[in-house]
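Geometric and topological summary
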Amino acid sequence: TSVAADTAERIELHADAGLSNDIAGMDWDALEVSIRGCTRCGLCEGRAHAVPGVGDRKARWLFVGEGPGRNEDQQGEPFVGPAGKLLDNMLAAIGLSRSVQGQQDGRSGVYIANTLKCRPPGNRNPEPDEALACEPFLHRQIDLIKPKLIVALGKVAAVNLLAREASVASLRNKVHEYRGTPLIVTYHPAYLLRSPHDKARAWEDLCFAMDTLDGLKSEQRDTI
Ligand code: URA
């Protein structure tokens, strides 16, 4: 490659790093505007709406899916299709709701986001460079929310967050960590719609997640 091309590439990398640094300093409003107008990867070309996330910005729970599907792309909100209905039912079963209503205690709710903010064409899996380009947005969301627990929904989200290839079956029932926050893996609600026999396992995972949060609470009490 020519010196000019090398230099251009380096400048682009620096510009990118600069942008990531900018994202790391954003408040909620700036972050959402930045996600909705993002052109960091090619997925912006085919989207109707980028999908930043929804819910309690001071939530104890952060659920992270893979990326927007067709319905989410159209509406700009995560998990609004049939899988979203199931997710809402799963959340209700553990006393959580994505709606602002009913969140009396500011830290009792849930925030729902995706690893990828824009819909890949035909719902294909994210390419590594797309996941990488989008990562600073989720990092900033986590830094702002400061959740006590992250629940990764499905293999693509889990593998993306944990940066290693593994099945949901092998990752569930363990407390992992993502950037210092405990992370638990369970099945994706769209998978559960196709394989309802695994709903009992997903329920076990949610109970495990609640127990983990309870354990964290008593750990904190112990250290006071
Ligand atoms: N599936 C996901 O992983 N995320 C959504 O927002 C919708 C469907």
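Small disclaimer: the values here were computed from a predicted structure and weren't measured.

Some thoughts on the overall build of the protein chain
The secondary structure content of the protein chain amounts to nine helices and six strands. Here the protein chain holds 224 residues, and 47% of them are scored as buried. Considering only intrachain contacts with a sequence separation of at least 6, the fraction spanning at least 24 residues in the protein chain is 72%. With the model as given, the accessible surface of the protein chain reaches about 11600 Å², and the carbon-plus-sulfur share is 51%.

Description of the site of the ligand
Around the ligand, the surrounding shell consists of Gly65, Glu66, Gly67, Glu72, Pro78, Phe79, Asn114 and His188. Between an oxygen atom of the ligand and a main-chain N or O atom of Glu66, the distance comes to 2.7 Å. Gly67 places a polar main-chain atom, nitrogen or oxygen, 3.0 Å from a nitrogen atom of the ligand. Coverage of the ligand by the protein chains reaches 91% of its 230 Å² of free accessible surface.

Notes on the pattern of salt bridges
Using the criterion set out here, one finds nine salt bridges in the structure. Arg57 serves as the salt-bridge partner of Glu32, at 3.4 Å between the closest nitrogen and oxygen. Highlighted residues: Glu32 in helix α2 (residues 28–36) and Arg57 in the loop between β1 (54–55) and β2 (61–65), separated in sequence by 25 residues. A salt bridge links Arg98 to Asp88, with the shortest nitrogen-to-oxygen separation between them at 3.0 Å. Taken together, the residues Arg98 in the loop between α4 (82–93) and β3 (110–114) and Asp88 in helix α4 connect sequence positions ten residues apart. Arg98 gets classed as buried once you look at its relative accessible area, which sits at 11%. Taken together, the salt bridges that share partners define one network made up of Glu77, Asp88 and Arg98.

Focus: α2
By the burial criterion, the buried members of α2 are Trp28, Leu31, Glu32, Ser34 and Ile35. Down the axis of α2, the sector holding all buried residues measures 160°, keeping them to one side. Opposite its buried face, α2 presents the exposed residues Asp29 and Val33, each directed more than 90 degrees away.

The rules we used
- Residues numbered from 1 in each chain as written.
- Predicted model: local features only at pLDDT ≥ 70, side-chain atom pairs only at ≥ 80, totals over all residues.
- Heavy atoms only, no water.
- Helix = DSSP H or I, 4+ residues; strand = E, 2+ residues; numbered from the N terminus.
- Buried < 20%, exposed > 50% of the residue type's maximum accessible area, 1.4 Å probe, protein only.
- Contact = heavy atoms within 4.5 Å.
- Areas by Shrake-Rupley, 256 points an atom, 1.4 Å probe, with all protein chains shown as cover.
- Near = heavy atom within 4 Å.
- Polar contact = N/O pair within 3.5 Å; in protein donor to acceptor, adjacent residues only side chain to side chain.
- Salt bridge = Lys/Arg side-chain N within 4 Å of Asp/Glu carboxyl O.
- Arc of directions from axis to C-beta.

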